[in-house]
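Read off the chains here:
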There are 2 protein chains.
Amino acid sequence: MVSIDGLAEFERIFHPQSVAVVGASTDVNKFGGRFLSSLLAFGFKGKVYPVNPNASEILGLKAYRSVADIPEPVDMACISVPAKAVPQAMRECAAKGVTVAAIFTAGFSELGDGKGRQLEEEVAAIGREGGVRIVGPNCFGIYCPAGGLTLLPGYDYPTETGPVAFISQSGGFANFFARLAKGSGIRFSKVVSYGNACDINEADLLEYLIADPETEIITAYIEGVRDGRRFTELVAKASETKPVIIWKAGLTGAGSKAVASHTASLAGTEAVWNAFFRKTGAVRVNGLEELMDTTIAFLHLGHDVGGAVGILGGGGGISVSAADDCERSGLMVPTLSPDTQRTLRTILPPAGNSVLNPVDFGAPVVPAPILRGVLETVASDENVETLIVVLITYYLLFFGRFGSNADEFTEIPVAVRDKYSKPVIMVLPEVGTEVEAAEVETDRRRVRDYYLSAGIPAFPTLQRAAKALGNFLQYRSRKLPRPAF
Amino acid sequence: MVSIDGLAEFERIFHPQSVAVVGASTDVNKFGGRFLSSLLAFGFKGKVYPVNPNASEILGLKAYRSVADIPEPVDMACISVPAKAVPQAMRECAAKGVTVAAIFTAGFSELGDGKGRQLEEEVAAIGREGGVRIVGPNCFGIYCPAGGLTLLPGYDYPTETGPVAFISQSGGFANFFARLAKGSGIRFSKVVSYGNACDINEADLLEYLIADPETEIITAYIEGVRDGRRFTELVAKASETKPVIIWKAGLTGAGSKAVASHTASLAGTEAVWNAFFRKTGAVRVNGLEELMDTTIAFLHLGHDVGGAVGILGGGGGISVSAADDCERSGLMVPTLSPDTQRTLRTILPPAGNSVLNPVDFGAPVVPAPILRGVLETVASDENVETLIVVLITYYLLFFGRFGSNADEFTEIPVAVRDKYSKPVIMVLPEVGTEVEAAEVETDRRRVRDYYLSAGIPAFPTLQRAAKALGNFLQYRSRKLPRPAF
């Protein structure tokens, strides 16, 4: 359980001044080699001490035979020596007074045999008795840009911090989320891959994140939890002040079988987890895409967002399926007021469009004054709480890359949002998917970044936008019943 | 109803030797201007006659005051004059002996008023009596690369033909599918945006496509159908020899409201359409992504594909959620045989992996001999019918772009497929999503194209791969009950 002292200890864990890389190597195919090069490439500002009994220098840094030989204090040790050598490395860490060991090494309880479990218990006991906290084993460690730390493969993660925390039982997903976040505008306070969690577990991390002023949104990839009651209580508590977005994997037969061999935890049944989400108010997502999309929604949407959406697109098919997508995600597609419809009729050409909702421009590319006029008119309609606009990326294809006034179009949704104080969500579908269309895709990403930096969430498909908005609204509208534990 | 004569007529419709562009313009913001420039850019080989009473030359071509003034025969007229001028244009087409008119113009029955409907009936009657078949009105026309034809916005579509036909009640989706297909390896026999379908409708097109030797896979975006019984019979008939993949939109309350104003058809209820899919054996998809993915599966998978999948990935979280995704899509994730597990243990490092199914390499990047060894071992397991591999794109990030042996890794799945005659499916997640990662994304697309050209379906996520494979297997395993009409 994380006490007040524990919180201070966690601060030291996330912001080490010095890191020993135990099992450092020049071979980037080895975990120790990859982590050392990642840490240096990422730009860790503190001291880095490679530890390897067979080297005097690694990647230009003086190497030490053991942690004991390091002449200065060590806050964190990242351990990637073979499993059987981990207890000795931990004993050296304890003797040295290391605060935390991130044990990347696998070959512990996830093996599913007595030997692996015994070894893990031995390691945990050394940590407990020697005052060394443990992340892992069988993990990728911690990414905390403010601390200058990165995950085992995270050489090129964003160096800026952000309000999102991610705790992940999978090292792979910790890496994917941190990496994909680069293009989605999501920035992190902390990402923790905690693996087998022989000491610090998902509940400990959650308790810390509830108090952590750097964290506003808590996200998690969970396969199974160790102490269901404590975890449930903490998620319910966290959800009162910070959204907790959870991707729970391993609920199918095949998935739960895989959980056991991955992190030696119990997956639990669908019924148990359904009750968990009902009780706690956590936001449930299924898959990395939905996790990212929902995080984007929470980052950019505020209390002024409502579920009555005005959908604006070009080419009627988009509108029909857009209405389907919105309704399936729990949104409403209200009829526009007669006044709005009348005004739209004066702006849009007489045919080939729709002034109902979804509003169909009749073509995927329209002149800027029409785009502006329609957006302003729909934004003025009091039946509409939120605008979803699906009409920008085609300009890139037809005009943007030929140096015309693409910027003028692009800025209209931002101007309308500001003028009417009505939230806008952008859908920016890929339009160039072939090898030769790299420039179109790059332009599309620039447009996405423009909207994200203007505080407007942007998604590649309407389906994903609607789902993310639906998830956001479900969290917000929830009147949390006091869970009875 | 399409008779034998009708089929021959359809051949002429799809392969016109000469096209009159009625309402041609130099302004690409106008439909007539965009279509003329599209047709020329696409490279139509036949004669093109711009028709505009106020111009003598458009885009370097001699312009005619009316269709009547064109001195040579005209097979197809593409009409984009205002709605009220369409009857006169149609009369001229009839007098000229034009085979088919594609009427892009909107402002007919989709307006929902008596006037629009009356005008559409007038136009249909002129066509019927004058022997001019009609595509539309309120549509984007026909893309038929073998005929040199393209849709209204289709200036840059693939010029190669392929076995996929797409009939779409939405011009927008006809365009999106044809355009996105560029990067997905899907090539088309015909794409038809048929809009209000005042003459040629979805059932006529279907009847033609059943007989069309150029078409092997029929895909459709449907909002509502005119003659439910005939359409159902034809889809059931088609499904016996060619898969029919249908995205039915407008089934929610909001969606069905939008259908009426889009193409003036009736959306129908969920129950009716559930029965339709049960009866006909058509493959049901929801959304453009699933439509594309499922088409890719049908293009590349054969009768040797089975639903017992061996999943191979790196980083255990992928494996757990991969198992979830597969089971949710109706696939099986069988336990590997004891022999297979034993052999895998000799290849993989002693820890940090899983030799169960999903097989976890323990890292997203492994040496080539390990990749080959694991793939060959799993391919040899008789419990496994199909391999899904999620392990290649990370090479791009860590090695590929730095000029090392990325090709060696990339080719392994193809070699294993060939050696063991066991189908392989690739999952190639995006790894670089930021503006600066354009090169990584381009490399990823190259790898995707390599697999597609080797006959291996490739998808960006495991979820999408599993869904596409599930859809394929559902069609194939179906013992079609003779539908009782």
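What comes next is a walk through the structure. A quick note: this is a predicted structure, and the numbers were derived from the prediction, not measured. (Residues numbered from 1 in each chain as written. Chains lettered and ligands numbered in written order. Predicted model: local features only at pLDDT ≥ 70, side-chain atom pairs only at ≥ 80, totals over all residues. Heavy atoms only, no water.)

## Some thoughts on the sheet that holds strand β1 (residues 18-22) of chain B
Residue and element names in this part refer to chain B.
No. 1: One open sheet holds the 5 strands; their spatial order is β2-β1-β5-β6-β7, and the pairing between them is parallel. The sheet is open, and its two edges are formed by β2 (47-51) and β7 (133-135), each paired on a single side. Across the sheet, the mean angle from the axis of one strand to that of its neighbour is 20 degrees, orientation sign disregarded.
No. 2: Bridge count between strand β6 (residues 100-103) and β7: 3 bridges; the pairing is parallel. By the bridge assignment for β7, A102 is matched with V135.
No. 3: Lying on the sheet, helix α2 (residues 31-42) is in contact with β1, β2 and β5 (76-79); it crosses β1 at an angle near 155 degrees. (Pairing = 2+ DSSP bridges. Helix = DSSP H or I, 4+ residues; strand = E, 2+ residues; numbered from the N terminus. Axes fitted to C-alpha atoms, helices over the stretch in contact; angles between N-to-C directions. Contact = heavy atoms within 4.5 Å.)

## Considerations on empty space enclosed by the protein
No. 1: The final tally for this structure, using the stated rule, is 4 cavities of 30 Å³ or more.
No. 2: Space inside the second largest cavity adds up to approximately 100 Å³.
No. 3: As for the second largest cavity, its lining consists of 12 residues, of which F31(A), R34(A), A363(B), P364(B) and V365(B) are closest to the centre.
No. 4: In the lining of the second largest cavity, the residues fall into 9 nonpolar, 1 polar and 2 charged. (1 Å grid on protein atoms, 1.4 Å probe; cavity = no way out; pocket = protein on both sides within 12 Å on 5 of 7 lines; lining within 4 Å. Points joined across faces, edges and corners; volume = space filled by probe spheres on them. Nonpolar A, V, L, I, M, F, W, Y, C, P; charged D, E, K, R; others polar.)

## Focus: the pattern of salt bridges
No. 1: As enumerated under the stated definition, the model contains 46 salt bridges over all chains in all.
No. 2: Here E9(A) ties to R133(A) by a salt bridge, and the two come within 3.0 Å at their closest N and O atoms. With E9(A) in helix α1 (residues 4-14) and R133(A) in strand β7 (residues 133-135), the pair connects residues that are 124 residues apart, well separated along the chain. The two residues E9(A) and R133(A) agree in class, both being buried.
No. 3: The salt bridge involving R226(B) is made with E202(B); its shortest N-O contact spans 3.0 Å. Placement of R226(B) in the loop between β11 (217-222) and α7 (228-241) and of E202(B) in helix α6 (residues 202-211) is noted, with a sequence separation of 24 residues between them.
No. 4: Judged by its relative accessible area of 32%, R226(B) is partly exposed.
No. 5: Residue classification places E202(B) among the buried positions, given a relative accessible area of 1%. (Salt bridge = Lys/Arg side-chain N within 4 Å of Asp/Glu carboxyl O. Buried < 20%, exposed > 50% of the residue type's maximum accessible area, 1.4 Å probe, protein only.)

## Considerations on the interface of chain A and chain B
No. 1: On the chain B side, the residues contacting the 77 residues of chain A number 77 residues.
No. 2: When chain A packs against chain B, the two sides together hide about 6200 Å² of surface, and 57% of this comes from carbon and sulfur.
No. 3: In terms of surface lost to chain B, no three residues of chain A exceed V320(A), V435(A) and R445(A), which account for 10% of the buried area on that side.
No. 4: At the boundary of chain A and chain B, one finds 2 salt bridges.
No. 5: Among the ionic pairs, K182(A) bridges to E434(B), the shortest N-O distance being 3.1 Å.
No. 6: The tally of links from chain A across to chain B stands at 24 residue pairs in polar contact (both at pLDDT 80 or more).
No. 7: Elements with a minimum of two residues in the side of chain A that touches chain B: α2 (31-42), α5 (171-184), α8 (253-263), α11 (316-328), α14 (393-398) and α16 (438-453) of chain A.
No. 8: No other element matches α11(A), which puts 10 residues into the side of chain A that touches chain B. (Buried area = accessible area lost by both parts, 1.4 Å probe. Polar contact = N/O pair within 3.5 Å; in protein donor to acceptor, adjacent residues only side chain to side chain.)

## As for the nonpolar core
No. 1: By size, the foremost hydrophobic cluster in this structure holds 294 residues, and its most contacted members are F188(A), I246(A), F361(A), F188(B), I246(B) and F361(B).
No. 2: What F361(B) contacts, discounting residues up to four positions off in sequence, is L312(B), G313(B), G314(B), L348(B), G352(B), N353(B), V366(B), I370(B), L371(B), V374(B), L375(B) and L391(B). (Core = buried A, V, L, I, M, F, W, Y, C linked by side-chain atoms within 4.5 Å.)

## Thoughts on the pairing of strand β10 (residues 188-193) of chain A
Residues and elements named next belong to chain A.
No. 1: Where burial is concerned, most of β10 is hidden: 6 out of the 6 residues are buried.
No. 2: Where strand β8 (residues 141-143) lies against β10, 3 bridges are found, and the strand directions are antiparallel. The residue of β10 that forms the bridge with I142 is V192.
No. 3: Between strand β9 (residues 164-168) and its parallel partner β10, the chain crosses via α5, and the hand of that crossover is right-handed. (Right-handed = clockwise from strand over helix to strand, strands pointing away.)

## As for the side chain of T377(B)
No. 1: With respect to the helices and strands, the residue T377(B) is situated in helix α13 (residues 368-380).
No. 2: Those residues in contact with T377(B), other than ones at most four positions away along the chain, are T340(B), T343(B), L344(B) and I347(B).

## Notes on the relation of the copies chain A and chain B
No. 1: Between the two copies, chain A and chain B, the superposition gives an RMSD of 0.0 Å; the rotation angle is 180 degrees and the shift along the axis is 0.0 Å. The relationship between the two copies is best expressed as a two-fold rotation axis. For chain A, the residue whose C-alpha comes nearest the rotation axis is A438(A), separated from it by 3.2 Å.
No. 2: Most of the interface of chain A is mirrored in chain B, where 99% of its interface residues are also at the interface. (Least-squares fit on C-alpha atoms with pLDDT ≥ 70 in both.)

## Considering the packing of helix α10 (residues 288-300) of chain A against helix α17 (residues 462-477) of chain A
Residues and elements named next belong to chain A.
No. 1: At a closest axis distance of 8 Å, the pairing of α10 and α17 adopts a crossing angle of 60 degrees. Taken together, the axis directions place α10 and α17 in an arrangement best described as oblique. Considering how the two elements wind past one another, α10 and α17 form a crossing that is right-handed. On the side of α10, the interface is formed by E289, E290, D293, T294, A297 and F298, while α17 contributes R464, K467, A468, N471, F472 and Y475.
No. 2: Partitioned by chemical class, the residues of the contact of α10 with α17 number 5 nonpolar, 2 polar and 5 charged. (Parallel < 35°, antiparallel > 145°, perpendicular 65-115°, else oblique. Left-handed = near helix turned anticlockwise from the far one by under 90°.)

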